[in-house]
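What follows is the residue order along each chain.
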Amino acid sequence: MNEYKHVALIGLGLIAGSISLAMRRAGMGARITGHARTARTRAKALEMGLVDAVFDSAAEAVKGADLVILAVPVGAMSAVAAEIAPHLAAGATISDVGSVKGAVVAAVGPHLPDNVAFVPAHPMAGTEQSGPESGFASLFDHRWVLLTPTGSASDAEVQRLSDFWAALGALVEYMEPDHHDLVAGVISHAPHLIAYTMVGVADDLTKVTKTEVVNYSAAGFRDFTRIAASDPTMWRDVFLHNKDATLEVLGRFTEELFALQRAIRMGDGDFLHDYFSRTRDIRRSIIDAGQDTDAPDFGRVNPQEGDT
Ligand code: NAP
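Predicted model, so just to flag it, every value in this text is computed and none were measured.

K.L.:
Describe the overall build of the protein chain, and please don't skip the residues or the numbers.
P.N.:
A count of helical and extended segments in the protein chain gives 12 helices and 9 strands. Taking 308 residues into account, the globule formula puts the C-alpha radius of gyration at 19 Å, and the protein chain, at 21 Å, falls close to it. With respect to the principal axes defined by its C-alpha atoms, the protein chain has extents near 65 × 45 × 35 Å. Sorting the 308 residues of the protein chain into buried and exposed places 41% on the buried side. Nonlocal contacts in the protein chain, meaning residues at least 24 apart in sequence, comprise 73% of its contacts between residues at least 6 apart. Roughly 16300 Å² of accessible area belongs to the protein chain as shown, and the carbon and sulfur atoms make up 56% of that amount.

K.L.:
Lay out the nonpolar core in plain terms, naming residues and giving numbers.
P.N.:
Nonpolar side chains in soluble globular proteins tend to end up buried together. Core analysis: the largest hydrophobic core is formed by 37 residues, its most contacted members being Ile19, Met23, Phe140, Leu147, Phe164, Trp165 and Leu168. At the level of secondary structure, the elements contributing two or more residues to this core comprise β1 (6-10), α1 (14-25), β4 (67-70), β8 (144-147) and α6 (155-167). Of the residues forming this core, the biggest block, 6 residues, is contributed by α1. Contact partners of Trp165, with chain neighbours within four places excluded, come to Ile19, Val97, Ala121, Pro123, Phe140, Val145, Leu147, Ala170 and Val172. Ranked by size, the runner-up nonpolar core spans 26 residues in total, among them Leu70, Ala92, Val108 and Val116.

K.L.:
Explain the pattern of salt bridges to me, and be specific about the residues and the numbers.
P.N.:
In the structure shown here, the tally under the stated rule is 14 salt bridges. In this structure, Asp292 and Arg283 form a salt bridge, with 3.1 Å as the shortest nitrogen-oxygen distance. The partner of Arg284 in a salt bridge is Asp288, with the nearest N and O atoms 3.6 Å apart. In this pair, Arg284 and Asp288 are both assigned in helix α12 (residues 269-288), 4 residues apart and thus about one turn of the helix distant.

K.L.:
Would you mind going over the site of the ligand in detail, with residue names and values included?
P.N.:
If you check the shell around the ligand, you find 28 residues, and the closest are Arg37, Thr38, Thr41, Val72 and Ser99. At the level of elements, α1, α4 (77-84) and β7 (121-123) are the ones that each hand at least two residues to the shell around the ligand. Of the residues belonging to the shell around the ligand, the class tally is 15 nonpolar, 12 polar and 1 charged.

K.L.:
How would you summarise unusual backbone geometry if you had to cite specific residues and measurements?
P.N.:
Backbone geometry places His142, a non-glycine residue, at a positive phi of 60 degrees. Structurally, the position occupied by His142 is in the loop between β7 and β8. Taking relative accessible area as the criterion, His142 reaches 39% and is therefore assigned partly exposed.

K.L.:
Residues and numbers for the sheet that holds strand β2 (residues 31-35), please.
P.N.:
With parallel pairing, the 6 strands of this open sheet are ordered in space as β3-β2-β1-β4-β5-β6. The open sheet has two edge strands with one neighbour each: β3 (53-54) and β6 (117-118). Bridge count between β2 and β3: 2 bridges; the pairing is parallel. Paired with Gly34 across the two strands is Val54, which belongs to β3. Here α4 sits on the sheet and contacts β1, β4 and β5 (93-96); the angle it forms with β4, its principal contact strand, is near 155 degrees.

The rules behind each value
- Residues numbered from 1 in each chain as written.
- Predicted model: local features only at pLDDT ≥ 70, side-chain atom pairs only at ≥ 80, totals over all residues.
- Heavy atoms only, no water.
- Helix = DSSP H or I, 4+ residues; strand = E, 2+ residues; numbered from the N terminus.
- Rg over C-alpha atoms; globule rule 2.2 N^0.38 Å.
- Buried < 20%, exposed > 50% of the residue type's maximum accessible area, 1.4 Å probe, protein only.
- Contact = heavy atoms within 4.5 Å.
- Areas by Shrake-Rupley, 256 points an atom, 1.4 Å probe, with all protein chains shown as cover.
- Core = buried A, V, L, I, M, F, W, Y, C linked by side-chain atoms within 4.5 Å.
- Salt bridge = Lys/Arg side-chain N within 4 Å of Asp/Glu carboxyl O.
- Near = heavy atom within 4 Å.
- Nonpolar A, V, L, I, M, F, W, Y, C, P; charged D, E, K, R; others polar.
- Pairing = 2+ DSSP bridges.
- Axes fitted to C-alpha atoms, helices over the stretch in contact; angles between N-to-C directions.

None of this, on its own, says anything about what the molecule does.
This is the structure:
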């Protein structure tokens, strides 16, 4: 594998921190430089050894890097790209980890000089936590990373980035940016919006007290609250930048919801049973694909029995 010698991470949160830890786990000897918006995050990343050096500006952090990964919220990508563009090394590969691809390609691409390769990426892995402390080396293990290469990158440059992700434990697939955004809309973005809504509804139902919501949450609601605890800045930016796909999926969701609502009203048990059988099959195929465990309750250990 043609390893990168100097990787610059712009943004030092969950995803960048996990990249750094997975690189070290894979035995990569690359120099890692980084930049984050606040002095606190920069100091924390340095203290944790996620980077060999941090810089007060993104422009300084990318100097001499042969791989630059933008790991900031989607809405910050354009400004960061404009800042680093004049300081990129000739021949460098520029990538990102943004959850939306069409908008990132449009926001970043025009700023970049002709002598660099732009290969956008989206690791389909994450948690509801953020910040450098939340990263872990196994985050990408057996998780898909979707690459949406642009015309500025040669096959060899795309393959090199693909090899990099594979060494971090990931499975790599290629997609067109718009198709990526629809896929992400179905499997990630709309579900997050539905979770945010469900938690908002529970919060709004004044006849159900906050204590009841909290105490009895294990009955399904808890998994919504975990998703709805995700970073507000990141998710605001996802919805603002994947507008079309999210609205398309939500339109279909609303139609299905009305169909189920009608079946409940009409007492159509067959409809409900068929529907829930179909969804159970989908869950089964996710487990068969190794993307989740079939342990009850997602393998969570009961806190009372905890084996901390
Ligand atoms: P995070 O933990 O909140 O970290 C974001 C980082 O970006 C922080 O270090 C923050 O610095 C920095 N930042 C924000 N605005 C900046 C700016 N203008 N200039 C420089 N640095 C800036 O977020 P994350 O979960 O790692 O997400 C990063 C990217 O990965 C996002 O685009 C997201 O869509 C994508 N992604 C996330 C997940 C997930 O589940 N979390 C999964 C796949 C992809 P400060 O701490 O100093 O503010």
